[in-house]
Amino acid sequence: MNRCPRRCRSPLGQAARSLYQLVTGSLSPDEVSLALMCRARPEGLEQLQEQTKFTRKELQVLYRGFKNECPSGIVNEENFKQIYSQFFPQGDSSTYATFLFNAFDTNHDGSVSFEDFVAGLSVILRGTIDDRLNWAFNLYDLNKDGCITKEEMLDIMKSIYDMMGKYTYPALREEAPREHVESFFQKMDRNKDGVVTIEEFIESCQKDENIMRSMQLFDNVI
Amino acid sequence: MAAGVAAWLPFARAAAIGWMPVANCPMPLAPADKNKRQDELIVLNVSGRRFQTWRTTLERYPDTLLGSTEKEFFFNEDTKEYFFDRDPEVFRCVLNFYRTGKLHYPRYECISAYDDELAFYGILPEIIGDCCYEEYKDRKRENAERLMDDNDSENNQESVPSLSFRQTMWRAFENPHTSTLALVFYYVTGFFIAVSVITNVVETVPCGTVPGSKELPCGERYSVAFFCLDTACVMIFTVEYLLRLFAAPSRYRFVRSVMSIIDVVAIMPYYIGLVMTNNEDVSGAFVTLRVFRVFRIFKFSRHSQGLRILGYTLKSCASELGFLLFSLTMAIIIFATVMFYAEKGSSASKFTSIPASFWYTIVTMTTLGYGDMVPKTIAGKIFGSICSLSGVLVIALPVPVIVSNFSRIYHQNQRADKRRAQKKARLARIRVAKTGSSNAYLHSKRNGLLTEALELMGTPEEEHMGKSTSLIESQHHHLLHCLEKTTNHEFIDEQMFEQNCMESSMQNYPSTRSPSLSSHPGLTTTCCSRRSKKTTHLPNSNLPATRLRSMQELSTIHIQGSEQPSLTTSRSSLNLKADDGLRPNCKTSQITTAIISIPTPPALTPEGESRPPPASPGPNTNIPSIASNVVKVSAL
């Protein structure tokens, strides 16, 4: 992989750069150009084939689409939100896109490279049901502490409802997300301790045939 | 949805997995990818230049030539490529459109050639990207004007058939070269305007003396002659004005136009003078009215293009002139104050007050220097010289700027208006595209429901009422459908939303109609309607006899106007009774789907059944009238 992404990602480098920026008042030209052109090139096809469960052709198609929208090879949060919002013209999908971004950005460096992208998709589309449930749990667990609290779930729910926008039938009420969260917790929280752990989550989902079926809905997306 | 992000649709669909554990209802089935074949390169040979691209790239726009099966007509079996005998330069832009989703207009291309190529490939020019849209529109407008000029000059040579008398008159007025009569009229009016202006001027010239009294102006000496001339001119002008008023295509607009106001103002003094002839009190006011006769000179602007342009540029330059005036006023006030206080000490000073000093300041700053007011004190002279020096600067500097502003502002105004009009159009296009994509989903929903209804009905005709959607579109709609299922709410468009809000606010009293709802067996929530199929006849249905087509009725969604909590609770009990398998969440979920007003074929509209006959038992008759204009549409 290029030196560049590693440079971009190192926090020490970032701190040094910001200090330099503070002292001199601006980024020096080559720093600017490097910072702007922080391109990333993904690993080779063979390595990606080993790491993910996609075939060679699928990886090719995925990369072509990825590179088309992000020529620099990495997606930052703004790009991500903008791309995702194109699919939901009626509502505001930025919050949910942020949560998605955090779920894809596994090393939390603020950008999603093609490897992150493809790794996430591999779990969602080609992983076992448990893997997918794990991934969904990871999405809901905003602070990644291993359990979903009602507040976290409420945030997620509100972001999903935001995507519907204003013009819905029946009209969206303020309490709708909260009620949905309550019903969710009623279903998932076995020991009624106010949080849903990963085991409770997987167990409850496995009992629900709707969820089981819908988890496999997008298998043939690629 | 831009084509560029079509490549990310699989990602968006995969990300929908985040909704699955949260949703309480089953998700709709995904559209099947019927002809999923491996992506292949296809070769497009355009007049010898070979372009290659993926098949899926071209299929992003299925209603163009390259995206549909129309290109098969151009397939060359021998060379296994698609051959087009067209311009390869423009084809480059067309192919880039498929790749990037943005259509560009190359500046060196001729606009009509470009339009021809776009028409050939089935691409609407309206989707040209914003970067090139202005240029395209400008060129198009120039071309259109050129065509119009050509047409006009052609038309002027032939006799235009069958214009009404009124229209011919208007054309004659506006364009004097159309006929000899118009030309004669044009010159006659011009002559009389000149005569009128000259008489006004000559009227005031002292014209010899009557012995024994002072010099008289000619107007009073030959008053009869001048009066006759005036009358003749005013009569001509009045006739002309009335004729123009009669011939104008839009009388209201004509009356409001500047030229007609000038006409009116030019002839009013005469008539006012006729009316109040010998009243001595108002004769003073009457005299000042005569000054308005000078407005007749403005009537020349109909005869002179230059005057019109001058007037227009002055109007457009008004802000500049206003600024000049404002800065001048500031300087005048400053200097007048200073001079007044400087000259206050001297005796017999003409600078009696600050407004009196205004005159001195203006005369000095414009370097006129009449000399009727001069400062006498030393301080006054010093400040007076400063005043004249600064006058040179203040006046001389903005004037060239204004002069150069004339052409700049003139052209700039033209361009700014163009840009503003295009900006509105551009924003409108963006809005239309946005609503288009959401409307596309609503539209396809209706069509999907409708086709399902038709399938249920078993009617072979009218299979596909909606236009065919590409696979990508159907996948996108499936994604939006999943979101609806997750949240148990439906997407509707703005008008329906307003209507719903109005209705729900109108029906705020507890409804006695809730029992009436029981008469509609199909009243289930959308997501659970599949389950409702199990229950063929709800025990609380009051209209079993009329439900002949039970299959259809089961999947019928009735449309309600209101959604009060009282209704849901009352109905929820009915639902639970009837449908044990229903998930508890559906109890709180809302009633039916959007109000969809498609003109369904009569077979589908059991409109009569929505109003159960009065004889049937139960309070079924008080169905809200709002629901009467509502159409039943089959659900999934």
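Since the model is a prediction, treat every value here as computed from it, not as a measurement.

Rules of the game
- Residues numbered from 1 in each chain as written.
- Chains lettered and ligands numbered in written order.
- Predicted model: local features only at pLDDT ≥ 70, side-chain atom pairs only at ≥ 80, totals over all residues.
- Heavy atoms only, no water.
- Helix = DSSP H or I, 4+ residues; strand = E, 2+ residues; numbered from the N terminus.
- Buried < 20%, exposed > 50% of the residue type's maximum accessible area, 1.4 Å probe, protein only.
- Contact = heavy atoms within 4.5 Å.
- Areas by Shrake-Rupley, 256 points an atom, 1.4 Å probe, with all protein chains shown as cover.
- Pairing = 2+ DSSP bridges.
- Axes fitted to C-alpha atoms, helices over the stretch in contact; angles between N-to-C directions.
- UniProt positions renumbered as here; feature names shortened; annotations may be inferred.
- Phe/Tyr/Trp six-rings, centres within 6.5 Å; stacked < 30°, edge-to-face > 60°.
- Buried area = accessible area lost by both parts, 1.4 Å probe.
- Polar contact = N/O pair within 3.5 Å; in protein donor to acceptor, adjacent residues only side chain to side chain.
- Nonpolar A, V, L, I, M, F, W, Y, C, P; charged D, E, K, R; others polar.
- Salt bridge = Lys/Arg side-chain N within 4 Å of Asp/Glu carboxyl O.
- Parallel < 35°, antiparallel > 145°, perpendicular 65-115°, else oblique.
- pLDDT = per-residue confidence, 0-100.
- Expected span 1.5 Å × (residues − 1).
- Patch = residues over 30% accessible without salt bridge, like charges linked within 9 Å, V, L, I, M, F, W, Y side chains within 5 Å.
- Core = buried A, V, L, I, M, F, W, Y, C linked by side-chain atoms within 4.5 Å.
- Domains from an automatic or database assignment.

1. Let's talk about the overall build of chain B
- A count of helices and strands for chain B gives 25 helices and nine strands.
- Here chain B, with 636 residues, has 41% of them falling under the buried criterion.
- Sequence-distant contacts in chain B: of pairs separated by 6 or more residues, those separated by 24 or more amount to 68%.
- Within the structure as shown, chain B displays about 34,700 Å² of accessible surface, and the carbon and sulfur contribution to it stands at 63%.

2. Quick look at the sheet that holds strand E3 (residues 75–76) of chain B
All names here are of chain B.
- Spatial ordering of the open sheet is given by E2-E1-E4-E3, a layout of four strands whose pairing is mixed. The two strands at the open ends of the sheet, each matched to only one other strand, are strand E2 (49–54) and E3.
- One ladder, built from two bridges, connects E3 with strand E4 (residues 81–84); its direction is antiparallel. What sits directly across from phenylalanine 75, in E4, is tyrosine 82.
- Strands in contact with helix H3 (residues 88–100) are strand E1 (41–46) and E2; relative to E2, the strand with the most contacts, it is inclined by about 5°.

3. Remarks on the UniProt feature "domain: EF-hand" (unreviewed entry) in chain A
All names here are of chain A.
- Here the UniProt feature "domain: EF-hand" (unreviewed entry) sits at residues 92–127, 128–163 and 176–211.
- Counted over residues 128–163, helix gives 69% and strand 8%. Its end C-alpha atoms are 28 Å apart.
- In residues 176–211, the share of helix is 72% and the share of strand is 8%. The end C-alpha atoms are 21 Å apart.

4. Points about the packing of aromatic side chains
Residue and element names in this part refer to chain A.
- This structure, assessed with the given rule, holds 49 aromatic pairs over all chains.
- Where tyrosine 84 meets tyrosine 96, the ring centres are 6.1 Å apart and the plane angle is 40°; that geometry is what we call tilted. With a gap of twelve residues between them, tyrosine 84 in helix H6 (residues 77–85) and tyrosine 96 in helix H7 (residues 94–104) connect regions that are remote in the sequence. Neither residue differs from the other here; tyrosine 84 and tyrosine 96 are each classed as buried.
- Geometrically, the ring pair formed by phenylalanine 184 and phenylalanine 185 is edge-to-face, given 6.0 Å between the ring centres and 75° between the ring planes.
- When its relative accessible area of 1% is taken as the criterion, phenylalanine 184 is described as buried.

5. What about the interface of chain B and chain A?
- If you look at the interface, chain B gives 64 residues, while chain A gives 61 residues.
- Ranking the residues of chain B by area buried against chain A places B:Trp8, B:Phe11 and B:Ile17 at the top, with a combined share of 14%.
- At the boundary of chain B with chain A, the tally comes to ten residue pairs in polar contact (both at pLDDT 80 or more).
- Tallying contributions element by element places helix H18 (residues 471–487) of chain B first for the side of chain B that touches chain A, with nine residues.
- Looking at the side of chain B that touches chain A residue by residue, the class counts come to 33 nonpolar, 18 polar and 13 charged.

6. Considering the pattern of salt bridges
Residue and element names in this part refer to chain B.
- Within the structure shown, the criterion is met by 25 salt bridges over all chains.
- Of the charged contacts, one joins glutamate 81 and arginine 50 as a salt bridge, the two residues approaching to 3.1 Å between their closest N and O atoms. You can see glutamate 81 sitting in strand E4 and its partner arginine 50 sitting in strand E2, a full 31 residues away along the chain.
- Residues aspartate 230 and arginine 296 are paired through a salt bridge, measuring 3.2 Å at the closest nitrogen-oxygen approach.

7. Looking at the packing of H7(A) against helix H10 (residues 150–162) of chain A
Residue and element names in this part refer to chain A.
- At a closest axis distance of 7 Å, the pairing of H7 and H10 adopts a crossing angle of 130°. By the angle class used here, H7 and H10 are oblique. Of the residues in H10, those in contact with Thr95, Tyr96 and Phe99 of H7 are Asp155, Ile156, Ser159, Ile160 and Asp162.
- Taken together, the residues of the contact of H7 with H10 break down into four nonpolar, two polar and two charged.

8. Details of the confidence of the model for chain B
All names here are of chain B.
- Across chain B, the average pLDDT comes to 72, with 66% of residues at or above 70.
- Across residues 459–467 the pLDDT falls below 50, and counting only partners more than four positions away or on other chains, this stretch makes eight contacts in the model.
- Predicted confidence is poor over residues 510–636, with pLDDT under 50, and the contacts of this stretch with residues over four places away or in other chains come to 188 contacts.
- Across the interface, the model reports ipTM at 0.76; the global pTM reads 0.46.

9. Looking at the confidence of the model for chain A
Residues and elements named next belong to chain A.
- Averaged over every residue, the pLDDT of chain A is 81; the share at 70 or more is 86%.
- Per-residue pLDDT stays below 50 along residues 1–8; that stretch engages in 17 contacts with residues further than four places along the chain or on separate chains.
- Contacts of residues 27–36 to residues separated by more than four positions or lying in other chains number seven contacts, the stretch itself having pLDDT below 50.

10. Regarding helix H11 (residues 176–188) of chain A
- Look at H11(A): 18 Å from first C-alpha to last across 13 residues, which is about the 18 Å you get at 1.5 Å a residue.
- When we look at burial in H11(A), the residues that qualify are A:Ala176, A:Pro177, A:His180, A:Val181, A:Ser183, A:Phe184, A:Phe185 and A:Met188.

11. Overview of unusual backbone geometry
- Following A:Tyr169, the chain continues to A:Pro170 via a peptide bond in cis, the omega torsion being -5°.
- The topology assignment puts A:Pro170 in the loop between strand E4 (168–169) and H11.
- Even without glycine at this site, B:Thr367 takes up a positive phi of about 55°.
- By the secondary structure assignment, B:Thr367 is in the loop between helix H15 (354–365) and helix H16 (378–396).
- Residue class for B:Thr367 comes out exposed when judged on its relative accessible area of 53%.

12. Overview of the UniProt feature "transmembrane region" (unreviewed entry) in chain B
- With numbering matched to this structure, UniProt assigns "transmembrane region" (unreviewed entry) to residues 181–202, 222–243, 255–276, 321–342 and 382–403 of chain B.
- In this annotation, residues 321–342 of chain B is assigned 100% helix and 0% strand; the end-to-end C-alpha distance for the span is 31 Å.

13. Observations regarding the environment of B:Leu118
- By the element assignment, B:Leu118 lies in helix H4 (residues 111–120).
- With residues near it in sequence (within four places) discarded, B:Leu118 still touches B:Val94, B:Leu103, B:Ile123 and B:Pro125.

14. Remarks on helix H12 (residues 198–207) of chain A
- Here H12(A) has its buried residues at A:Ile198, A:Glu200, A:Phe201, A:Ile202, A:Ser204 and A:Cys205.
- Tucked inside the fold, the buried residues of H12(A) contact helix H9 (129–140), H11, strand E5 (195–197) and helix H13 (209–215) of chain A.

15. What about a nonpolar patch on the surface?
All names here are of chain B.
- A surface patch of nonpolar side chains, amounting to about 480 Å² of accessible area, comprises Phe227, Met268, Tyr271, Leu274 and Val275.
- Residue placement: valine 275 occurs in helix H11 (residues 258–275).
- Valine 275 gets classed as exposed once you look at its relative accessible area, which sits at 70%.

16. Observations regarding the nonpolar core
- Ranked by size, the top nonpolar core spans 79 residues in total, and within it A:Tyr84, A:Leu100, A:Met153, A:Phe201 and B:Trp19 carry the most contacts.
- Domain assignment of the residues forming this core places at least three in each of domain 1 (13–25 + 41–95 + 111–126) and domain 2 (129–221) of chain A.
- In this view, B:Trp19 contacts A:Tyr84, A:Phe88, A:Tyr96, A:Tyr140, A:Ile160, A:Met163, B:Leu479, B:Cys482, B:Leu483 and B:Thr486; residues no more than four positions away in its chain are not counted.
- If you look at the next biggest cluster of nonpolar residues, it comprises 27 residues, including B:Val46, B:Phe84, B:Val90 and B:Leu118.

17. Section: the side chain of B:Thr53
All names here are of chain B.
- Structurally, threonine 53 is set in strand E2.
- Of the residues examined, threonine 53 reaches a relative accessible area of 5% and is grouped as buried.
- Dropping the residues within four chain positions of it, threonine 53 is found in contact with Glu40, Leu41, Ile42, Leu44, Leu58, Leu95 and Arg99.

18. As for the side chain of B:Arg296
All names here are of chain B.
- Mapped onto the secondary structure, arginine 296 falls in the loop between helix H12 (280–289) and helix H13 (305–316).
- Separated by 3.2 Å, the side chains of arginine 296 and aspartate 230 make a polar contact.
- Apart from residues no more than four positions distant in its own chain, arginine 296 is found in contact with Ile193, Ser196, Val197, Asn200, Asp230, Val234, Phe237 and Ala266.

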